[in-house]
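Geometric and topological summary
Chain by chain, the residues run as shown.
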Amino acid sequence: MKITTKQITITALMLAICIVSQFFKNTSVFITGPIVNACLIIAGLGAGMYAGIILSVITPLTAFWITGSPIMAAVPAIIPCVMVGNIIIVVCSCLFYQKMKNKAGLPVGLVVGSVAKALFMGVVISMILIPMMLPEKMLPKMAVFQMTFSVYQLITALIGSLLTWLIWLRLEKVVKEEA
């Protein structure tokens, strides 16, 4: 597989946008989450699924380093689960877009990917990891943490998918012309 300058540029640009948005994570997850999800998917669509997967692995680490999430510090096993959730949304979006050659492929992939990501994270993080591994001093906040890694993930993934679809409607022609 040959990596092009265009793929590196798109991936680097999407990573830069993710990192900048993560500085605003403490403002609202409903700002940062959709931006990060959109960047992951756009990287996958524009630079190849592997670019989206690479960013899916990098962004939870940068988010932890930037914001120092207390829940992720208390339960470090959440980080690889977030990586897998990100990979799920990227892979679903890219595969549906590639396999369904009509206009419905991307929206279907975005919705399926958003729901699959939220289900995975809701089950693995909210129902298994947090109840099993949360330190006793953080138990009063368990419901908030569970909501963050289930319902909020679905909402931010769907908003990010909508952003992706709106942006990709314009970018798709440019990316394909350049190829």
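To start, this report covers the structure provided alongside it. Since the structure is predicted, the reported quantities are computational estimates derived from the model, not experimental observations.

1. Describing the packing of aromatic side chains
Aromatic ring pairs: the centre-centre distance and the angle between the two ring planes describe each pair. Enumeration according to the criterion identifies 2 aromatic pairs in this entry. With a centroid separation of 5.1 Å and an interplanar angle of 65°, the aromatic rings of F30 and Y152 are classed as edge-to-face. Of the two residues, F30 sits in helix α2 (residues 29-47) while Y152 sits in helix α8 (residues 151-178), which places them 122 residues apart along the sequence.

2. Quick notes on the environment of I54
Tracing the chain through its elements places I54 in helix α3 (residues 49-67). I54 gets classed as partly exposed once you look at its relative accessible area, which sits at 47%. Taking the C-alpha atoms as reference points, I54 and A43, separated by 11 residues in sequence, lie 9.3 Å from one another.

3. Topic: the packing of α2 against α3
Each pair of packed helices gets described by two things: the angle between the helix axes and the distance between those axes. Two numbers describe how α2 lies on α3: the axes approach to 5 Å, and their chain directions differ by 150°. As far as their axial angle goes, α3 and α2 are roughly antiparallel. Contact with α2, carried on its side by V36, C39, L40, A43, G44 and A47, involves M49, A51, G52, L55, S56 and T59 of α3 and no other residues of that element. Taken together, the residues of the contact of α2 with α3 sort by class into 8 nonpolar, 4 polar and no charged.

4. Let's talk about the layout of surface pockets
Approximately 660 Å³ is the volume found for the largest pocket. Contributing to the lining of the largest pocket are 27 residues, with K25, V29, T148, F149 and Q153 lying nearest its centre. Broken down by secondary-structure element, the contributors of at least two residues to the lining of the largest pocket are α2, α3, α4 (70-74), α5 (78-99), α7 (142-148) and α8. Residue contributions to the lining of the largest pocket peak at 5 residues, all from α2. Looking at the lining of the largest pocket, its residues break down into 12 nonpolar, 13 polar and 2 charged. Put simply, the second largest pocket is a space of about 440 Å³. Contributing to the lining of the second largest pocket are 21 residues, with L45, Y97, W168, E172 and K176 lying nearest its centre.

Each value, and the rule that gives it
Residues numbered from 1 in each chain as written. Predicted model: local features only at pLDDT ≥ 70, side-chain atom pairs only at ≥ 80, totals over all residues. Heavy atoms only, no water. Phe/Tyr/Trp six-rings, centres within 6.5 Å; stacked < 30°, edge-to-face > 60°. Helix = DSSP H or I, 4+ residues; strand = E, 2+ residues; numbered from the N terminus. Buried < 20%, exposed > 50% of the residue type's maximum accessible area, 1.4 Å probe, protein only. Axes fitted to C-alpha atoms, helices over the stretch in contact; angles between N-to-C directions. Parallel < 35°, antiparallel > 145°, perpendicular 65-115°, else oblique. Contact = heavy atoms within 4.5 Å. Nonpolar A, V, L, I, M, F, W, Y, C, P; charged D, E, K, R; others polar. 1 Å grid on protein atoms, 1.4 Å probe; cavity = no way out; pocket = protein on both sides within 12 Å on 5 of 7 lines; lining within 4 Å. Points joined across faces, edges and corners; volume = space filled by probe spheres on them.

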